Amino acid sequence: MNSTQNPEKNPAKSLEKNPERNLEKEPAQQIPLLLKQLPTCMLADRFPLRNRLNQARAIAEQSKPVEKSINEIAKKIRSSQTKYAARLANLPKPEYPLELPVSGKKDDIAKAIAHNQVVIVCGETGSGKTTQLPKICLELGRGVSGLIGHTQPRRIAARSVASRIAQELNSPLGEVVGYKVRFNDKLSESSYIKLMTDGILLAETQGDKFLNAYDTIIIDEAHERSLNIDFLLGYLKQLLEGPRRQDLKVVITSATIDAERFARHFGRDTGRRDDEGRAIVEPAPVIEVSGRLYPVEIRWQGFDEAHQDDDDESDLPSRIDEAIESLWREAPGDVLVFLPGEREIRDVAEHLRRLHARENARGGVGGSVWSRGSIEILPLYSRLSAADQQRVFSPSRGRRIVLATNVAETSLTVPGIRYVVDSGLARVKRYRYRGKVEQLQIEPISQAAANQRAGRCGRVSDGVCIRLYDETDFGKRPRFTDPEVLRSSLASVILRMKALRLADIERFPFLDPPPRKAIVDGFALLHELGAVNEARELTDVGRTLARLPLDPRIGRMLLAAHELGSLAELLVIAAALSSQDPRERPPDSQQAADQSHRRFADETSDFLSLLKLWNYWQAEQAAKESNRRFAARLEREFLSPRKLREWADVFSQLAESVRELHWRVNEQPASPEAIHRALLTGLLGNLGFKPLDEPLYAGTHQTKFAIHPGSWLTKKAPRWIMAAELVDTGRLYART
């Protein structure tokens, strides 16, 4: 197969006719001849050149001079044709690793892409889809008139995949294959394949509405169903259904995709109707790629009481070291461990390093696998610096344990991995409709995500994946991960869509459209925050909030705090509202817990109580003894060390968000008034007024509620209150 099979990819005949030779004709006669030259120009040039030629035609019809304009257009056409011809002449000729299953399906995939605008490719993790699909597109002659855009959910995957494909094409990174991620890109004029994050391609729609820079787009890891992926899928569907981009090819791929739904979503209207008058849609073709390099054995290691820690939950570090030990007793090999978040990665890394040091100090007594040579323990998560992430891909001097979040779940092949240990957990963002706030919480992963994780081994030899849960638990989990659009605040979704100038949410072709009630709720909240006006258009406040990757209510509080000089305090309080309360109140020790927490009480505000607790914890941390002793003391004081750490993690994320906007954090303590005025901007829907003769507060939307018994304001019963959330436990309570 070669590029000359596609008539558009062989411009030799067209180039024989130099557009400037046509200038001997009358100007009006030259325009049709120049229009015929456009298919041999670069895609990005065709639309503006056609516009200019149409404008010239309109001027010529008025008998006005257009010769100078025609000369300039002809020159640009020739320049674009020259670039097109050079790219065609230098088109790389890819080769395919025969051992990869996708190589055996190469011809089927190429045929499907050649004859269809959209193709769905499903294949097991390790089948070679991610690296070989762009090469198949190259062999079809794609990437000449425009780039082959290849999206990944994460920056680290975009960089590593670009590097791998460049290596297979025997080209330095940045020439034939390049990448673009936030704050960094390595791309040149001679590039054919461009790796990037979903967010980068989405942002490019603002300056390139029809994505004319690309002749092919590959959406990889579509099963993740992030907001960016769903936005892209909807945007591409609209683009393909319009008249502008009949030349665009789209390939959607994943190892664990719900292929049938995607195929229906991108189906082609046949123009026929069924017996009930409904349009008959021909689904997009689906290519299945079965097989992988090496088999992966799944082992189950469910939780039992022997693995209970003092914080009433699974002792994850101990379970992980036992799993690794059982694997290393069989044969040495690098291990990839999946954990829910950065905090868990740090805890497990500290535990494993102590274990390794302890067993080394014992001199290997008892034949411990932890004392047999050096062990390199490396973290891997999205916020890690690029240099630290790159350490994972460098050669290892001994055995290696990589502790990763779900960034290593997709498209990212950590070299040399023989074993996977899967905690079965991930940190997931969920929107609570009652409290109207988004929270990051640890949840069991879906079956699809579990299969993705297992597929990270079996790349260099037969693999083993130990799942730290049992098969029954696995069977109860959902098949696919919930789309982010269905677990996010619709206010956040609408805000993003408005900022990106996408279609109205009611008309946007989502794969899983959100319910209308949620849409109305989202717009109501944005209006309450001053982010949209009566016409549902973004205000200046809305445009600022759209730049903050936060729940809109939290973002609105921080924006007000920035203006009122109370940002330092609001970062702490907003982080607390976005995480679980670290104050424990066990049923059998409620009085003791209340007594211990009393020192943080503020009789005027629960929000100020949170500040007191934070300041206490920060001061004690600075002067703490060992981690274990400090944690034990916190537990005696009825404070959860884990929840305090989660609070700190969210605080760091919020602080990083405002730093990117160059907002200054106040160094002097803010007044209570400045703190509460900032909070009010995000909590207008949670105000309450207590009439003198009524036991309950009257809230917005005709609600009636009481102050939660755990609040220090219960006895004071002020006339007006502002609450962080309303909780229904059989009775509606205002909490915090």
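Residue positions are given per chain, counted from 1 along the sequence in the order it is written. Where local features are concerned, this predicted model is filtered to residues with pLDDT of at least 70; where side-chain atom pairs are given and counted, the filter is 80 or more; whole-chain, interface and lining totals use all residues. Calculated side-chain values reflect all of the structure's heavy atoms, with hydrogen atoms and water omitted.

Q: Teacher, can you tell me more about the overall build of the protein here?
A: When you go through the protein residue by residue, the secondary structure sums to 26 helices and 24 strands. Computation of the radius of gyration draws on C-alpha atoms, with the globule rule given as 2.2 Å multiplied by the number of residues to the power 0.38. In terms of C-alpha radius of gyration, the protein reaches 30 Å, essentially the compact-globule figure of 27 Å for 736 residues. Taken over the C-alpha atoms alone, the protein extends approximately 95 × 75 × 60 Å along its principal axes. Note on exposure labels: buried denotes an accessible area under 20% of the residue type's maximum, exposed denotes more than 50%, and partly exposed covers the range between, all computed with a 1.4 Å probe on protein chains only. Looking at the 736 residues of the protein, the share that counts as buried comes to 53%. Taking all contacts inside the protein whose residues are at least 6 apart in sequence as the whole, residues at least 24 apart take part in 72%. Residue exposure ignores everything except the shown protein chains as possible cover, and the areas themselves are Shrake-Rupley values with a 1.4 Å probe. Accessible area for the protein stands at about 34200 Å²; split by element, carbon and sulfur atoms hold 49% of it. We count Lys and Arg on the positive side and Asp and Glu on the negative side, and we leave His and both chain ends out. The location of each charge is read from NZ of Lys, CZ of Arg, CG of Asp or CD of Glu. Across the protein, 109 positive and 100 negative side-chain charges occur, with their mean positions spaced 4 Å apart. Starting at the N terminus, helices and strands are each numbered in turn, a helix being any DSSP run of H or I of at least four residues and a strand any DSSP run of E of at least two. Contact criterion: two residues are considered in contact whenever any of their non-hydrogen atoms come within 4.5 Å of each other.

Q: Would you explain the pairing of strand E6 (residues 214-220) in this entry?
A: Two faces belong to every sheet, and in a regular strand the side chains alternate between them. The buried fraction of E6 amounts to seven of the seven residues, a majority that puts the element mostly inside the structure. One requirement defines pairing of two strands: DSSP has to find at least two bridges between them. Taken together, the five bridges between strand E2 (residues 147-152) and E6 define a ladder with parallel strand orientation. Each residue of the ladder has a partner; that of Thr151, found in E6, is Ile219. Read as a crossover between parallel neighbours, the route from E6 over helix H10 (residues 227-241) to strand E7 (residues 249-254) is right-handed. Seen with its strands pointing away from the viewer, a crossover is right-handed when the path leading from the first strand over the helix to the second is clockwise.

Q: I keep staring at the packing of helix H23 (residues 606-622) against helix H26 (residues 672-682) and nothing clicks. Help me out?
A: A pair of packed helices is characterised by two quantities: the angle between their axes and the separation of those axes. Relative to each other, H23 and H26 sit at 115°, their axes nearing to 11 Å. When the interaxial angle is binned, H23 and H26 end up roughly perpendicular. The way H23 lies across H26 gives a crossing that is right-handed. Of the residues in H26, those touching H23 at Phe607, Leu608 and Leu611 are Pro672, Ile675, His676 and Leu679. Looking at the contact of H23 with H26 residue by residue, the class counts come to six nonpolar, one polar and no charged. Only the contacting stretch of a helix is used when fitting its axis, a line to C-alpha atoms as for every element, and angles between N-to-C directions run 0 to 180 degrees. Note on terminology: angles under 35 degrees are roughly parallel, angles over 145 are roughly antiparallel, angles of 65 to 115 are roughly perpendicular, and the others are oblique. If you view the pair so one helix is near and one far, a crossing is left-handed when the near helix is turned anticlockwise from the far one by less than a right angle, and right-handed when it is turned clockwise. Side-chain classes are defined by residue name, with Ala, Val, Leu, Ile, Met, Phe, Trp, Tyr, Cys and Pro counting as nonpolar, Asp, Glu, Lys and Arg as charged, and the others, Gly among them, as polar.

Q: Would you mind going over the sheet that holds strand E4 (residues 184-186) with me for this structure?
A: Sheet strands associate in pairs through backbone hydrogen bonding, adopting either a parallel or an antiparallel arrangement. Pairing within the open sheet is mixed, and its eight strands lie in the order E4-E3-E5-E2-E6-E7-E1-E10. Looking at strand neighbours, the two that pair on one side only are E4 and strand E10 (286-289), the edges of this open sheet. On average, each strand axis in the sheet is tilted by 20° relative to the strand beside it, whichever way the strands run.

Q: Can you help me understand the side chain of Thr130 in this one?
A: Structurally, Thr130 can be placed in helix H7 (residues 129-139). For Thr130, a relative accessible area of 11% translates into the label buried. Whenever two N or O atoms come within 3.5 Å, that pair is a polar contact, provided that in protein one can donate a hydrogen and the other can accept it, and provided that, for residues adjacent in sequence, both atoms are side-chain atoms. Among the polar contacts made by the side chain of Thr130, one reaches the side chain of Asp220 at a distance of 2.7 Å.

Q: Whenever I open this one, the sheet that holds strand E13 (residues 375-380) confuses me. Can you help?
A: The strand order across the open sheet formed by six strands is E11-E18-E15-E12-E14-E13, and the pairing between neighbours is parallel. Sheet topology places strand E11 (296-300) and E13 at the edges, where each strand pairs with a single neighbour. On average, adjacent strands in this sheet sit at an angle of 20° to one another, irrespective of strand direction. Across the face of the sheet, helix H12 (residues 316-328) comes into contact with E11, strand E12 (334-338), E13, strand E14 (399-404), strand E15 (417-422) and strand E18 (463-467) while running at roughly 150° to E15.

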